[in-house]
Amino acid sequence: DAKTTQPNSMESNEEEPVHLPCNHSTISGTDYIHWYRQLPSQGPEYVIHGLTSNVNNRMASLAIAEDRKSSTLILHRATLRDAAVYYCILRKQGGSEKLVFGKGTKLTVNP
Amino acid sequence: GAVVSQHPSRVICKSGTSVKIECRSLDFQATTMFWYRQFPKQSLMLMATSNEGSKATYEQGVEKDKFLINHASLTLSTLTVTSAHPEDSSFYICSARRGAQDTQYFGPGTRLTVL
């Protein structure tokens, strides 16, 4: 599975937008970009995923660079409940089936 | 939809005993389930992948005789930690998905403490 690089930690203020970056310079054409988050003492929660086009859902938006070597998860208005570790994971469709977690980005949201 | 539950949420046992953790997909049939382990302040480490009715596939370094996985039905997988020792104390998390193209849904985790 291709590797991703994320900052160890980020801070944000409540009700402000948050942009969480992820680099995946060795991404292949069949790799989907998945984002999960893990709140303290809980299992991971699916956030969003995409292939080439930007994606929006009720939780977040995913902006994918044109060359696909990086992506950004956007939380439009951070709340205290968004404090979590966010994982950016590449998953090949039709090939390797496992989700392999890196270290992720620990997001702190300040009131 | 797509809810995964785990039982128990927390378990404390004595060294040398065996502990069974259940993982259930509540509102869907899971052809594949995964077991992860997470130590404090670390990321999730995949232990094994199991397909319903088949033997589990273990990741390198995971002892299959110590961590017994059974995926007997499309809604239930169990992880048994045999002869548990303090170093097995960890947060065990399962996940499940319908098919190869599906999103993986995670359970809430089981905190195992071995005294």
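Now for a look at the structure at hand. All of these numbers come straight from a predicted model, not from anything done at the bench.

What to know about the overall build of chain A
Move 1: What chain A contains, in helices and strands, is zero helices and nine strands.
Move 2: In sequence order, chain A lays out its α and β elements as β-β-β-β-β-β-β-β-β.
Move 3: Over its C-alpha atoms chain A spans a radius of gyration of 13 Å, differing by no more than 12% from the 13 Å that the globule rule assigns to 111 residues.
Move 4: C-alpha atoms of chain A, sized along the principal axes, occupy 40 × 30 × 25 Å.
Move 5: By residue count, 42% of the 111 residues in chain A fall in the buried class.
Move 6: Intrachain contacts of chain A at a sequence separation of at least 6 include 57% that bridge at least 24 residues.
Move 7: Of the accessible surface of chain A, which amounts to about 5,800 Å², a share of 47% is contributed by carbon and sulfur atoms.
Move 8: In chain A, the 12 positive side-chain charges and the 11 negative ones have mean positions that sit 6 Å from each other.

Concerning the packing of aromatic side chains
The description of two aromatic rings rests on the distance between their centres and on the angle between their planes.
Move 1: Scanning all chains against the criterion turns up nine aromatic pairs over all chains.
Move 2: With a centroid separation of 6.2 Å and 65 degrees between ring planes, the pair formed by Y36 of chain A and F101 of chain A is classed as edge-to-face. Of this pair, Y36 of chain A sits in strand 3 (residues 31–38) while F101 of chain A is found in the loop between strand 8 (84–92) and strand 9 (105–110), placing the two residues 65 residues apart along the sequence. Note on accessibility: Y36 of chain A and F101 of chain A belong to one class, buried.
Move 3: Centroid distance F101 of chain A to Y36 of chain B: 5.6 Å. Interplanar angle 90 degrees. Geometry classified as edge-to-face. Pair noted here: F101 of chain A is in the loop between strand 8 and strand 9 and Y36 of chain B is in strand 4 (residues 32–38), and the two residues belong to different chains. Of the two residues, F101 of chain A and Y36 of chain B, both sit in the buried class.
Move 4: Aromatic rings pair up to connect Y36, Y46, Y87 and F101 of chain A together with Y36 and F106 of chain B into one cluster.
Move 5: When the ring centre of F67 of chain B is taken as origin, the NZ or CZ atom of K66 of chain B, which lies over that ring, is 5.9 Å away.
Move 6: Over the ring of F28 of chain B we find R98 of chain B, and its NZ or CZ is 5.1 Å from the ring centre.

Thoughts on the nonpolar core
Move 1: Among the nonpolar cores identified, the biggest contains 26 residues, and V4, F28, W35, F67, L79, Y92 and L112 of chain B are the most heavily contacted of them.
Move 2: When near neighbours in sequence (up to four residues on either side) are disregarded, Y92 of chain B contacts Q6, I21, Y36, R37, M47, F67, L79, G109, T110 and L112 of chain B.

Side note on the state of the cysteines
Move 1: This model, assessed by the stated rule, comprises two disulfides over all chains.
Move 2: Covalent S-S linkage joins C22 of chain A and C88 of chain A, the inter-sulfur distance amounting to 2.1 Å. Classification of the bridge connecting C22 of chain A and C88 of chain A rests on its S-S torsion, roughly -80 degrees, and on that basis the disulfide is left-handed. Taken as a pair, C22 of chain A in strand 2 (residues 18–23) and C88 of chain A in strand 8 lie far apart in primary sequence, 66 residues in all. An identical accessibility class is assigned to C22 of chain A and C88 of chain A; each is buried.
Move 3: Here C23 of chain B pairs with C94 of chain B through a disulfide, and the sulfurs are 2.0 Å apart. Residues C23 of chain B and C94 of chain B are joined by a disulfide whose S-S torsion is about 80 degrees; by sign, that bridge is right-handed. Here the residue C23 of chain B occupies a position in strand 3 (residues 19–25), and C94 of chain B occupies one in strand 9 (residues 90–97), the gap between them amounting to 71 residues.
Move 4: Of all cysteine sulfurs in the structure, the one in C94 of chain B sits closest to C13 of chain B, which takes part in no disulfide; the separation is 18 Å.

What to know about the pattern of salt bridges
Pairs may arise between side chains of opposite charge once their charged atoms sit close together.
Move 1: What the rule picks out here adds up to six salt bridges over all chains.
Move 2: As a salt-bridge pair, R37 of chain A and E45 of chain A come within 2.9 Å of each other at their nearest N and O atoms.
Move 3: A relative accessible area of 11% places R37 of chain A in the buried class.
Move 4: A relative accessible area of 32% places E45 of chain A in the partly exposed class.
Move 5: Between D88 of chain B and K66 of chain B there is a salt bridge; the shortest N-O distance is 2.9 Å. Here D88 of chain B is found in the loop between strand 8 (76–81) and strand 9, whereas its partner K66 of chain B is found in the loop between strand 6 (57–58) and strand 7 (67–73), with 22 residues between them in sequence. Assigned by exposure class, D88 of chain B and K66 of chain B land together as buried.
Move 6: Salt bridges sharing partners connect three or more residues here, namely R37, E45 and D82 of chain A.

So, how was this worked out
- Residues numbered from 1 in each chain as written.
- Chains lettered and ligands numbered in written order.
- Predicted model: local features only at pLDDT ≥ 70, side-chain atom pairs only at ≥ 80, totals over all residues.
- Heavy atoms only, no water.
- Helix = DSSP H or I, 4+ residues; strand = E, 2+ residues; numbered from the N terminus.
- Rg over C-alpha atoms; globule rule 2.2 N^0.38 Å.
- Buried < 20%, exposed > 50% of the residue type's maximum accessible area, 1.4 Å probe, protein only.
- Contact = heavy atoms within 4.5 Å.
- Areas by Shrake-Rupley, 256 points an atom, 1.4 Å probe, with all protein chains shown as cover.
- Lys, Arg positive; Asp, Glu negative; His and termini not counted.
- Charge placed at Lys NZ, Arg CZ, Asp CG, Glu CD.
- Phe/Tyr/Trp six-rings, centres within 6.5 Å; stacked < 30°, edge-to-face > 60°.
- Lys NZ or Arg CZ within 6 Å of the ring centre and 35° of its normal.
- Core = buried A, V, L, I, M, F, W, Y, C linked by side-chain atoms within 4.5 Å.
- Disulfide = S-S within 2.5 Å.
- Salt bridge = Lys/Arg side-chain N within 4 Å of Asp/Glu carboxyl O.

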